[in-house]
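Topology and contacts: notes
Listed below, chain by chain, are the residues.
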Amino acid sequence: MGSEKRWWLRREIFELLLWCWVGEDKNMDWMLSVGPEPNLPCGPSPSSFLVGLRLQRGGRERRKERRNGFQASKKGMGNEKHLRLSFSFFFFVLFFFLLLISPVARLRRWQWTSRVLHCREEYLQQIVINQFSRVAVDQRCSFLGNVTLGASISLSELRQLYHVVIFDVVLAYGAESDRLLGVPGEDLAGIYSAREFVWWYNGHPDCNTLSPDLRTTDTAVVLGQGNVALDVARVLLRDSSALATTDIAEHALAALEESSIRKVYLVGRRGPAQAACTAKELREILGIKNLHVHIQEADLKLSYLDEEELKNSRIQKRVYELFCKGASQHLNTTSCQRELHFVFFRKPDSFLQSDTEGRVSGVHLEKTVLKETGTGKQSAFGSGQFEDVQAGLVLKSIGYKSLSIDGLPFDSHRGIVPNIRGRVLRDGSEPHLLEEGLYVAGWLKRGPTGIIATNLYCSEETVYSISEDIEQGKFTETADMRLGRAGLVQLLENRGVTYVTFSDWERIDSIERAAGSRKNKPREKIASWGELLRAAKA
């Protein structure tokens, strides 16, 4: 490893220490903008990370500029380079030493490490909830739940009430549909979308009656190798006693306790170098106890194009390295009761039907080969060779799909609203004309990809577009002032729509937490619309 790489490795470690322990300071870069979470028993945590990214956007850019500047001038640094490395390393060692001997820590080294990981992983959900709660209680923010755009209120009515309408699918619109494979047998019983399955075990009222059959088969096939695919595989393979202390829905836990699933196949069109999952999710499923992970050694071999792809993506390289590590660590674990098979270079050609009741009995897979398409990435193409995998349960994790509503321009092929930096374009306009006062953000803007941090940057771009339009005077006050929230509430009440305020949501939250505490769970989710509304208005 070159000295410049060691410098940045030490820098990242140093930032991690600061990230976990330095007090909140909104005037500093995001990596220092960290404060204690009062609701977390572990004390200081990276709870302000998301806020820091949103409010201190320049921090990451400045770090990138410093990094580029350092790398660009490394040849001419001479003794200054060694001085800089020694200086940074000295402060890293000093900080680490003070941390270990400080009365504030009072922990052994392994305990401190465990504490950091515990804060980052186990309490991430609570951190995100706290961040959204801070926004929701702001007087400038109004939360109205149980309102369906296109049913409770139309888009045109909403636009008449407000100067600016922002669609953020992560918070309001939702990607409520699924992509279809379009292969024979897709409508057989026993085939579900991963979204439906996730909604089922998370207690979503729309899927609380899904009732997947987990008792009459010991094998499940999950089509896809993204984070959602890994999530559903993890739920199927984890011991029910471990799930019992999570916030999984009660009806799902009861079904999983009687599950006969012992083998799960995760099927992907491309190879481990192109897997769509993140390192965190992959590491979590590979760490399940008493699980035999099966990965074909031949699938781990890299082509020249694979190597080029990994050179350009540090995240993808980490995922590939985890696959290699997982394959070597599980060579002698064939006696495990549960098995996870990663099946690469395969795509579904059709679904096999059992002799009775029209249920699925397996998947007919076609082997694929990767070819460069001129975009710098490789695509999978069928090879004409086939094989079957027998399974009584199939979960399709091939992507979410947003739905269109009346009056909203929509690209059905891409599943997004056509836009320029968040500004919505009119349907079929040439040259491009903008829908005045209409904006989009999140998955509806760019498609169902990315994580929370990705949506932060996406939303920032839309906010900048709105700010530019305001500065240019596109939203001038008119004689007929828009009614805003008051008009929206009046319209919903006139139509008999039972809307939920943030105070109502807090009552639901309190009831679920109280029910969960009696079972040693974070919460016991209410899984029906009627019960949710009764709890909200209690």
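Residues numbered from 1 in each chain as written. Predicted model: local features only at pLDDT ≥ 70, side-chain atom pairs only at ≥ 80, totals over all residues. Heavy atoms only, no water.

Below, the discussion takes up the overall build of the protein. For the protein, the helix and strand inventory stands at 20 helices and 15 strands. Burial status across the protein gives 45% buried among its 538 residues. If you take every contact in the protein between residues at least 6 apart in sequence, the share linking residues at least 24 apart comes to 70%. As displayed, the protein offers around 29,500 Å² of accessible surface, 52% of which is attributable to carbon and sulfur atoms. (Helix = DSSP H or I, 4+ residues; strand = E, 2+ residues; numbered from the N terminus. Buried < 20%, exposed > 50% of the residue type's maximum accessible area, 1.4 Å probe, protein only. Contact = heavy atoms within 4.5 Å. Areas by Shrake-Rupley, 256 points an atom, 1.4 Å probe, with all protein chains shown as cover.)

Spatial ordering of the open sheet is given by S3-S11-S4-S5-S7-S6, a layout of six strands whose pairing is parallel. Lying at the two open borders of the sheet, with one neighbouring strand each, are strand S3 (191–193) and strand S6 (291–295). For this sheet the average axis-to-axis angle between neighbouring strands, irrespective of direction, equals 20 degrees. Packed onto the sheet, helix H9 (residues 194–201) meets S3 and strand S11 (393–396) and runs at close to 80 degrees relative to S3. Strand contacts of helix H10 (residues 227–237): strand S4 (219–223), strand S5 (263–267), S6, strand S7 (338–343) and S11, with the helix running at about 175 degrees to S5, the strand carrying the most contacts. (Pairing = 2+ DSSP bridges. Axes fitted to C-alpha atoms, helices over the stretch in contact; angles between N-to-C directions.)

Right, let's talk about the packing of aromatic side chains for a bit. Taken as a whole, this structure holds seven aromatic pairs when the rule is applied. Where Phe197 meets Tyr201, the ring centres are 5.6 Å apart and the plane angle is 80 degrees; that geometry is what we call edge-to-face. Placement of the pair is Phe197 and Tyr201 together in helix H9, with a separation of four residues, close to one helical turn. Here Phe197 and Tyr201 have matching classes, each one buried. (Phe/Tyr/Trp six-rings, centres within 6.5 Å; stacked < 30°, edge-to-face > 60°.)

Structurally, Thr462 can be placed in helix H17 (residues 452–471). Taking the relative accessible area as the measure of exposure, Thr462 reaches 2% and is therefore buried. If we ignore the near neighbours within four places in the chain, the residues touching Thr462 are Arg421, Gly422, Tyr439, Val440, Ala441 and Lys445.

Where H9 meets H10, the axes come as close as 10 Å, and the angle between the chain directions of the two elements is 50 degrees. It follows from the interaxial angle that H9 and H10 lie oblique. Our pair here, H9 against H10, has a crossing hand that is left-handed. Across from Ala194, Phe197, Val198 and Tyr201 in H9, the residues of H10 making contact are Val228, Asp231, Val232, Val235 and Leu236. Across the contact of H9 with H10, the residue classes tally to eight nonpolar, no polar and one charged. (Parallel < 35°, antiparallel > 145°, perpendicular 65-115°, else oblique. Left-handed = near helix turned anticlockwise from the far one by under 90°. Nonpolar A, V, L, I, M, F, W, Y, C, P; charged D, E, K, R; others polar.)

Counting across every chain of the model gives 24 salt bridges. In this structure, the salt-bridge partner of Lys396 is Glu186, at a minimum N-O distance of 2.9 Å. Taken together, the positions of Lys396 in strand S11 and Glu186 in the loop between strand S2 (177–178) and S3 put the pair 210 residues apart, joining distant regions of the chain. Assigned by exposure class, Lys396 and Glu186 land together as buried. The network of salt bridges with common partners includes Asp231, Arg234, Lys280, Glu281 and Glu284. (Salt bridge = Lys/Arg side-chain N within 4 Å of Asp/Glu carboxyl O.)

Bridge count for strand S9 (residues 360–372) against strand S10 (residues 378–390) is 10 bridges, and the pairing is antiparallel. Within the sheet, the bridge partner assigned to Val369 lies in S10 and is Phe381. Adjacent in sequence and paired antiparallel, S9 and S10 are bridged by five residues, among which Gly374 carries a positive phi angle near 90 degrees.

We now examine helix H15 (residues 314–329). With 16 residues, H15 ought to run about 22 Å at 1.5 Å a step, and its terminal C-alpha atoms sit 22 Å apart, in line with that. Restricting attention to buried positions, one finds in H15 the residues Gln316, Val319, Tyr320, Leu322, Phe323, Gly326 and Ala327. When H15 is viewed along its axis, its buried side chains cluster within an angular range of 155 degrees and face the same direction. (Expected span 1.5 Å × (residues − 1). Arc of directions from axis to C-beta.)

Turning our eyes to something else, we now look at the side chain of Thr219. Along the chain, the position of Thr219 falls in strand S4. Once residues within four sequence positions are removed from consideration, Thr219 is found in contact with Ile261, Lys263, Tyr265, Gln390, Ala391, Gly392 and Leu393.

This part covers unusual backbone geometry. Peptide bonds are trans in most cases, and residues, glycine excluded, mostly fall at negative phi. One non-glycine residue, Phe345, adopts positive backbone phi at about 55 degrees. Examined against the element boundaries, Phe345 turns out to sit in the loop between S7 and strand S8 (346–353). The class for Phe345 is buried, based on a relative accessible area of 17%. You will see that Arg421, though not glycine, has its phi angle at about 50 degrees, which is positive. Within the secondary structure, Arg421 sits in the loop between strand S13 (419–420) and strand S14 (423–425). Judged by its relative accessible area of 34%, Arg421 is partly exposed.

A separate point is helix H13 (residues 279–286). Within the sequence span of H13, burial applies to Ala279, Glu281, Leu282, Ile285 and Leu286. Projected down its long axis, H13 shows its buried positions confined to an angular sector of 165 degrees, all on one face. Structurally, H13 contributes buried residues whose contacts are with H10, S6, H15 and S7.

What follows concerns the nonpolar core. Burial of nonpolar side chains together is a common tendency in soluble globular proteins. Grouped together as the largest cluster of nonpolar side chains are 52 residues, with contacts concentrated most on Tyr201, Leu236, Val264, Leu282, Phe323, Leu340 and Phe342. Beyond its immediate sequence surroundings of up to four residues, Tyr201 is in contact with Asp231, Val232, Val235, Ile248, Ala249 and Ala252. Counting residues in hydrophobic clusters, the runner-up holds 15 residues, among them Leu223, Tyr265, Val360 and Val389. (Core = buried A, V, L, I, M, F, W, Y, C linked by side-chain atoms within 4.5 Å.)

Here the focus is the environment of Thr373. Along the chain, Thr373 falls in the loop between S9 and S10. Non-local contacts of Thr373, meaning those with residues more than four positions away in its chain, are made with Ser379 and Phe381. Here the side chain of Thr373 touches Lys377 through a polar contact of 3.4 Å, landing on its backbone oxygen. (Polar contact = N/O pair within 3.5 Å; in protein donor to acceptor, adjacent residues only side chain to side chain.)

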